[in-house]
Amino acid sequence: MMHSVQKITPCLWFNGNAEAAARLYTEIFPNSKIGQILRYGEEGKEIHGQEPGSVLTVAFELDGQTFTGLNGGPLFQFSEAISFQVNCETQDEVDHYWTQLSQGGPPEAQQCGWLKDRFGVSWQIVPTIMVKLLGDPDPVKAQRVMKAMMGMKKIDIAEIKRAYAG
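The rules behind these values
Residues numbered from 1 in each chain as written. Predicted model: local features only at pLDDT ≥ 70, side-chain atom pairs only at ≥ 80, totals over all residues. Heavy atoms only, no water. Helix = DSSP H or I, 4+ residues; strand = E, 2+ residues; numbered from the N terminus. Buried < 20%, exposed > 50% of the residue type's maximum accessible area, 1.4 Å probe, protein only. Contact = heavy atoms within 4.5 Å. Areas by Shrake-Rupley, 256 points an atom, 1.4 Å probe, with all protein chains shown as cover. Lys, Arg positive; Asp, Glu negative; His and termini not counted. Charge placed at Lys NZ, Arg CZ, Asp CG, Glu CD. Pairing = 2+ DSSP bridges. Axes fitted to C-alpha atoms, helices over the stretch in contact; angles between N-to-C directions. Expected span 1.5 Å × (residues − 1). Arc of directions from axis to C-beta.

So what about the overall build of the protein? Which residues, and what values?
Across its full length, the protein holds six helices and seven strands. Mapped in sequence order, the helices and strands of the protein form the string β-α-β-α-β-β-β-α-β-β-α-α-α. Dimensions of the protein, computed from the C-alpha atoms along their principal axes, are close to 65 × 35 × 25 Å. When the 166 residues of the protein are sorted by exposure, 39% land in the buried category. Put simply, 59% of the contacts in the protein that link residues at least 6 apart link residues at least 24 apart. Total accessible area on the protein stands at roughly 9600 Å², and carbon and sulfur atoms take up 55% of it. Looking at charge distribution, the protein has the averaged site of its 15 positive side-chain charges lying 6 Å from that of its 19 negative ones.

Describe unusual backbone geometry, listing the residues and the values that go with them.
In this structure, N31 is a non-glycine residue whose phi angle is positive, near 55 degrees. You will see that D63, though not glycine, has its phi angle at about 50 degrees, which is positive.

How would you sum up the sheet that holds strand β2 (residues 33-39)? Please name residues and give values.
Taken together, four strands build an open sheet; the order of strands is β1-β4-β3-β2 and the sheet is mixed. One side of each edge strand has no neighbouring strand; the edge strands of this open sheet are β1 (11-14) and β2. Pairwise comparison of adjacent strand axes, ignoring direction, gives a mean angle of 20 degrees for this sheet. Two strands pair when backbone bridges link them, and β2 and strand β3 (residues 55-62) are joined in this way by five bridges, in the antiparallel orientation. Counted as the bridge partner of R39 is V55 from β3. In this fold helix α1 (residues 18-28) packs onto β1, β2, β3 and β4 (65-71), with an angle of close to 10 degrees to the strand it touches most, β3.

Quick one: what's the story with the pairing of β1, residue by residue and with numbers?
Side chains L12 and F14 of β1 all project onto a buried face; the interleaved residues C11 and W13 project onto a face where none is buried. Where β1 and β4 come together, four bridges link them in parallel fashion. Of the residues in β4, the one forming a bridge with W13 is L70.

Mind laying out helix α3 (residues 91-102), listing which residues take part and the relevant values?
In this model, α3 (12 residues) spans 16 Å end to end at C-alpha, consistent with the 16 Å of a helix rising 1.5 Å per residue. Among the residues of α3, V94, Y97, W98, L101 and S102 are the ones counted as buried. Burial along α3 is one-sided: seen end-on, the buried residues are contained in an arc of 105 degrees. Against the buried residues of α3 lie α1, β5 (83-88), β6 (114-116), β7 (122-127) and α6 (157-165). Positive backbone phi, approximately 85 degrees, marks G104, located one or two places after α3.

So this is what it looks like as structure tokens:
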């Protein structure tokens, strides 16, 4: 059971695989858990069209951030217009999240630290040092970092630092 209700909770619309997504994400992120799972009933079947007993929503928490997964059907799909940033301190963290989240996702959706997972959700795996270097007051250094990042799929921190140093 989750302890408090977060003021704003992202709700992700899935087509029958909200529970599978929540289970995958809670395995990948530390301090994560599955919360309450609500199921469709007979009532409203003519509108929702879902099988009674199937998962309606699943509450889950990823490292302290609460989410709701909703099995709403095929009407809406995910797009890159919404993504989740995963801030990483080390290359090991970048590698972990990139490997786990990109598995089964489309390789053509991988660019500049962005990826799509097997459910179509977009993620940005962001080394915190990259953001710092991109914001450097020296525009020449910052632009070298930008150029290096633009040529990458998964971000390589050592390569970003080399670009920054010139």
